[in-house]
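Chain by chain, the residues run as shown.
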Amino acid sequence: MSLPQRGGAVGGPQGTPGGPKRPAGPPQPQQHQQKAAAKPVKKKKLADKILPQKVRELVPESQAYMDLLAFERKLDTTIMRKRLDIQEALKRPMKLKKKLRIFISNTSFPAKEGEEGSVATWEMRVEGRLMDEDIRAESTKVKRKFSSFFKSLVIELDKEMYGPDNHLVEWHRSPTTQETDGFQVKRPGDVAVTCTILLLLDYKPIQFKLDQRLARLLGVHTQTRPVIISALWQYIKTHKLQDPHEKEYVNCDQFLKQIFQTEKMKFAEIPQRLNPLLNPPDPVVIKHIITVEDLAKKTACYDIDVEVDDTMKTQMNNFLLSTASQQEIQSLDTKIHETVDTINTLKTNREFFLSSAKDPQVFMNKWLESQSKDLKTMTDVTGNPEEERRVEYYYQPWVPEGVTRYFYGKIQQKRAELETSFGVRH
């Protein structure tokens, strides 16, 4: 009786459950490269990082690793939930209210003596900057231009002094507008001039001024369309105006009846009915007097509220797009999986050698039986080769009948071949 080769493909972990498993030898580098090129990389699962129960019993200190694994699961769940929260937050506009300080300065220039046609003139500049800008950070980040805060700017001078064609200075934003740090107006004159500066803020997203009646009812003056609709829905819920039988309808109270001119309306009709009640927001109006008594530069300051993008939005977006930490985590996960695979291999080796040392004879018989089953599975052999190679197998009661049937089949086959060759027909 010959033993199967230890290096053959039929040995080791391919044995059936219950039989001893032979530890596999270290793979050769060339074989390892061929296998890596032939098989795609299998995606590792969290269950692959769990240590077997027997290993935990043998090494009680491994419980610390299992505790870390449980903490990692909780941490992954928390991070995933926070990432989803950030993604939802990024879909909404994130704005901060800040103070924009507007500087309006004017300088007068007298007429030059001895020059014919020379007249006194004045020059006015409108500039501004955000009040809470970090001066130390201004050199490292791009400063927002003054004109980027506004959709239009109109400077209205004294119509009687400068005439109907020269008393307005207008600037309106267009798709090709080049942003600037300020606006400058220069006109002739040697007397004080009262001017009105109209600044229309460039709201992003677009905001609307509500009808006065609806604004008092909802407590909203100028806001975006989604916020206005949300405030109206809150008013409907608070006053229980939703029809109890037809949920898609709103029963208007006396105030909504006056505003929408109807007793009942569908929810789907609300955006359309709101359109006539939404007006462009009011501009910021600044009254300023241009004085020309002396040649010194005179400056006046005015503070207005503006909305700017929250810097936290950029940080949140960078957090979602960052892949450096993900690559490091993936690399560490790969090392953990490799370590757990090594531990499982060592566990298999230990069980193999312990079984061999405990009872070599029983171990060898089970091993041979396991190898035989593996060989049968891999070569698609019918029957049971391990039993058929023993003489006792052929002294069973069914053997004589089996031999008779075998020879009868062979005789019938040979007879059919001879009849075919001699052309004998029945």
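Our subject is the structure that appears above.
Residues numbered from 1 in each chain as written. Predicted model: local features only at pLDDT ≥ 70, side-chain atom pairs only at ≥ 80, totals over all residues. Heavy atoms only, no water.

K.L.:
Can you walk me through the overall build of the chain in this structure?
P.N.:
A tally of helices and strands in the chain yields 13 helices and 13 strands. Per-residue burial for the chain yields a buried fraction of 27% across its 426 residues. Long-range pairs, those at least 24 residues apart, make up 67% of the contacts in the chain between residues at least 6 apart in sequence. Surface summary for the chain: the accessible area is close to 30400 Å², and the carbon and sulfur share equals 55%. (Helix = DSSP H or I, 4+ residues; strand = E, 2+ residues; numbered from the N terminus. Buried < 20%, exposed > 50% of the residue type's maximum accessible area, 1.4 Å probe, protein only. Contact = heavy atoms within 4.5 Å. Areas by Shrake-Rupley, 256 points an atom, 1.4 Å probe, with all protein chains shown as cover.)

K.L.:
Would you explain the side chain of Asp 253 in this entry?
P.N.:
For Asp 253, the position within the fold is in the loop between β9 (249-251) and α7 (254-260). No salt bridge is formed by the buried Asp 253; its nearest oppositely charged neighbour, Lys 257, is found at 7.9 Å. Among the polar contacts listed, one links the side chain of Asp 253 to the side chain of Tyr 235, at a separation of 2.5 Å. Ignoring any residue separated from it by four or fewer positions in sequence, one finds Asp 253 in contact with Tyr 235 and Leu 241. (Lys, Arg positive; Asp, Glu negative; His and termini not counted. Salt bridge = Lys/Arg side-chain N within 4 Å of Asp/Glu carboxyl O. Polar contact = N/O pair within 3.5 Å; in protein donor to acceptor, adjacent residues only side chain to side chain.)

K.L.:
Explanation requested: unusual backbone geometry in the structure shown.
P.N.:
Both trends apply: most residues other than glycine have a negative phi, and most peptide bonds are in trans. Note the cis peptide between Lys 204 and Pro 205, where omega equals 0 degrees. Structurally, Pro 205 is set in the loop between β6 (193-201) and β7 (207-210). Positioned with a positive phi, Lys 240 is a non-glycine residue whose angle comes to about 50 degrees. Inspection of the secondary structure assignment puts Lys 240 in the loop between α6 (225-238) and β9.

K.L.:
Just checking my understanding: could you explain the sheet that holds β6 for this structure?
P.N.:
What holds strands together in a sheet is hydrogen bonding between their backbones, with the strands either parallel or antiparallel. The 4 strands are arranged β4-β3-β6-β12 in an open sheet whose pairing can be described as antiparallel. Whereas interior strands pair on both sides, the edge strands pair on one side only; in this sheet they are β4 (168-172) and β12 (284-290). Neighbour-to-neighbour, the strand axes of the sheet open up by a mean angle of 15 degrees, direction not taken into account. (Pairing = 2+ DSSP bridges. Axes fitted to C-alpha atoms, helices over the stretch in contact; angles between N-to-C directions.)

K.L.:
Looking at this model, I keep getting lost on the pattern of salt bridges. Mind explaining?
P.N.:
When their charged atoms lie close together, side chains carrying opposite charge are able to pair. A complete count under the given rule lists 17 salt bridges for this structure. Here Arg 213 makes a salt bridge to Asp 211, at a shortest N to O gap of 3.2 Å. Residue classification places Arg 213 among the partly exposed positions, given a relative accessible area of 36%. Between Glu 401 and Arg 405 there is a salt bridge whose closest N-O contact spans 3.2 Å. Highlighted residues: Glu 401 and Arg 405, both in helix α13 (residues 399-422), separated by 4 residues, approximately one helical turn. Residue Glu 401 is classed as partly exposed on the basis of its relative accessible area of 47%. Residue Arg 405 is classed as exposed on the basis of its relative accessible area of 61%.

K.L.:
Would you mind going over the sheet that holds β7 with me for this structure?
P.N.:
In space, the 3 strands of this open sheet follow the order β8-β7-β11, with antiparallel pairing throughout. One side of each edge strand has no neighbouring strand; the edge strands of this open sheet are β8 (222-224) and β11 (278-279). Two strands pair when backbone bridges link them, and β7 and β8 are joined in this way by 3 bridges, in the antiparallel orientation. When the bridges of β8 are listed, Lys 209 appears paired with Thr 222. Sitting on the sheet, α6 is in contact with β7, β8 and β11, with an inclination near 100 degrees to β8.

K.L.:
Is there a simple way to think about helix α10 (residues 324-358) in this case?
P.N.:
Along an α-helix, residues three or four apart share an orientation, since each turn contains 3.6 residues. Compared with the 51 Å implied by 1.5 Å per residue over 35 residues, the 51 Å span of α10 between its first and last C-alpha is a close match. Listed as buried for α10 are His 337, Val 340, Asn 349 and Phe 352. Next to the buried residues of α10 lie α3 (63-91) and α11 (360-379). (Expected span 1.5 Å × (residues − 1).)

K.L.:
Can you help me understand the nonpolar core in this one?
P.N.:
Within soluble globular proteins, side chains that are nonpolar generally end up buried alongside one another. In terms of nonpolar packing, the biggest core is built from 28 residues, with Ile 102, Trp 122 and Phe 150 touching the most fellow members. Within the residue set of this core, elements represented by two or more residues are β1 (95-109), β2 (121-130), β3 (150-156), β5 (182-188), β6, β12 and β13 (298-309). Broken down by element, this core gets its largest block of residues, 5 residues, from β6. With sequence-adjacent residues up to four places away left out, Phe 150 is seen in contact with Leu 100, Ile 102, Trp 171, Arg 173, Leu 199, Leu 200, Leu 201, Asp 202 and Ile 304. With 21 residues, the next largest nonpolar core counts Leu 218, Leu 232, Tyr 235 and Met 265 among its residues. (Core = buried A, V, L, I, M, F, W, Y, C linked by side-chain atoms within 4.5 Å.)

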